[in-house]
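# Fold and contact review
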Amino acid sequence: QLQVAETGGDLVQPGGSLRLSCVGSGDSLEFFGIAWFRQAPGKERQGVACMSSSGGHTIYEDSAKGRFIISRDKIKNTVYLQMSGLKPDDTALYYCAAERGGRGSCLVDEIVLHEYTYWGQGTQVTVSS
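Residues numbered from 1 in each chain as written. Predicted model: local features only at pLDDT ≥ 70, side-chain atom pairs only at ≥ 80, totals over all residues. Heavy atoms only, no water.

### Focus: the side chain of Arg38
Relative to the helices and strands, Arg38 resides in strand S4 (residues 32–39). A relative accessible area of 7% places Arg38 in the buried class. Within the structure, Arg38 has its side chain in polar contact with the side chain of Asp90 (distance 2.9 Å). Discounting chain neighbours no more than four positions away, the residues touching Arg38 are Glu44, Arg45, Gln46, Val48, Glu61, Ser63, Phe68, Asp90, Ala92, Leu93 and Tyr94. (Helix = DSSP H or I, 4+ residues; strand = E, 2+ residues; numbered from the N terminus. Buried < 20%, exposed > 50% of the residue type's maximum accessible area, 1.4 Å probe, protein only. Polar contact = N/O pair within 3.5 Å; in protein donor to acceptor, adjacent residues only side chain to side chain. Contact = heavy atoms within 4.5 Å.)

Structure below.
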């Protein structure tokens, strides 16, 4: 079965950058749509970005557009979230999630939480002075 694990979270100052990694094991991430979610204290879990299984289609939550990039390294079986221009509002626990079959709503420009059945444990991103 697929397992995913996130790494790369850290404490950074406003305006800084981080690259989060989602490493797959047990199966190839090529067979899954991948999304990044985040959850801040007192807030609902929010879809940040998603990538279709082919890697040919990506979408971003409005606040992430122009600042975040989702990408895939097939050899390393890893999906990345490159984050730049970080803001305090980006502070959250960031999750990588996979959608079996890669035929979910990411293909039609939606990130639908219940479609993602494989989840990492999260990595903390804190943006603060």
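### Considerations on the pattern of salt bridges
Counted by the stated rule, this structure contains five salt bridges. Between Arg38 and Glu61 there is a salt bridge, and its shortest N-O distance comes to 3.9 Å. On the criterion of sequence distance, the pair formed by Arg38 in strand S4 and Glu61 in the loop between strand S6 (58–60) and strand S7 (68–73) is long-range, its members being 23 residues apart. Put simply, Arg67 and Asp90 hold a salt bridge, and the shortest N to O gap is 2.7 Å. With a gap of 23 residues between them, Arg67 in the loop between S6 and S7 and Asp90 in the loop between strand S8 (78–83) and strand S9 (92–100) connect regions that are remote in the sequence. A relative accessible area of 14% means that Arg67 is categorised as buried. By sharing partners, the salt bridges in this structure join Arg38, Glu61, Arg67 and Asp90 into a single network. (Salt bridge = Lys/Arg side-chain N within 4 Å of Asp/Glu carboxyl O.)

### Digging into the state of the cysteines
What the rule picks out here adds up to two disulfides. Counting only the cysteines that form disulfides, in the order they appear in the protein, gives the pairing 1-3, 2-4. (Disulfide = S-S within 2.5 Å.)

### Focus: unusual backbone geometry
Despite not being glycine, Asn77 has its phi angle at roughly 50°, a positive value. Positive phi, normally seen in glycine, also occurs at Asp109, with a value near 65°. Tracing the backbone shows Asp109 in the loop between S9 and strand S10 (118–119).

### Overview of the sheet that holds strand S3 (residues 18–25)
Taken together, four strands build an open sheet; the order of strands is S1-S3-S8-S7 and the sheet is antiparallel. The strands lining the two open edges of the sheet, one partner per strand, are strand S1 (3–7) and S7. The average undirected angle you get between the axes of adjacent strands in this sheet is 20°. Direction of pairing for S1 relative to S3: antiparallel, over a ladder of five bridges. (Pairing = 2+ DSSP bridges. Axes fitted to C-alpha atoms, helices over the stretch in contact; angles between N-to-C directions.)

### A short note on the side chain of Arg72
Relative to the elements of secondary structure, Arg72 occurs in strand S7. Glu30 provides the closest opposite charge to the buried, unpaired Arg72, separated from it by 6.9 Å. A polar atom in the side chain of Arg72 sits 3.5 Å from the backbone oxygen of Ser53. Apart from residues no more than four positions distant in its own chain, Arg72 is found in contact with Leu29, Glu30, Phe32, Ile34, Met51, Ser52, Ser53, Gly55, Thr78 and Val79. (Lys, Arg positive; Asp, Glu negative; His and termini not counted.)

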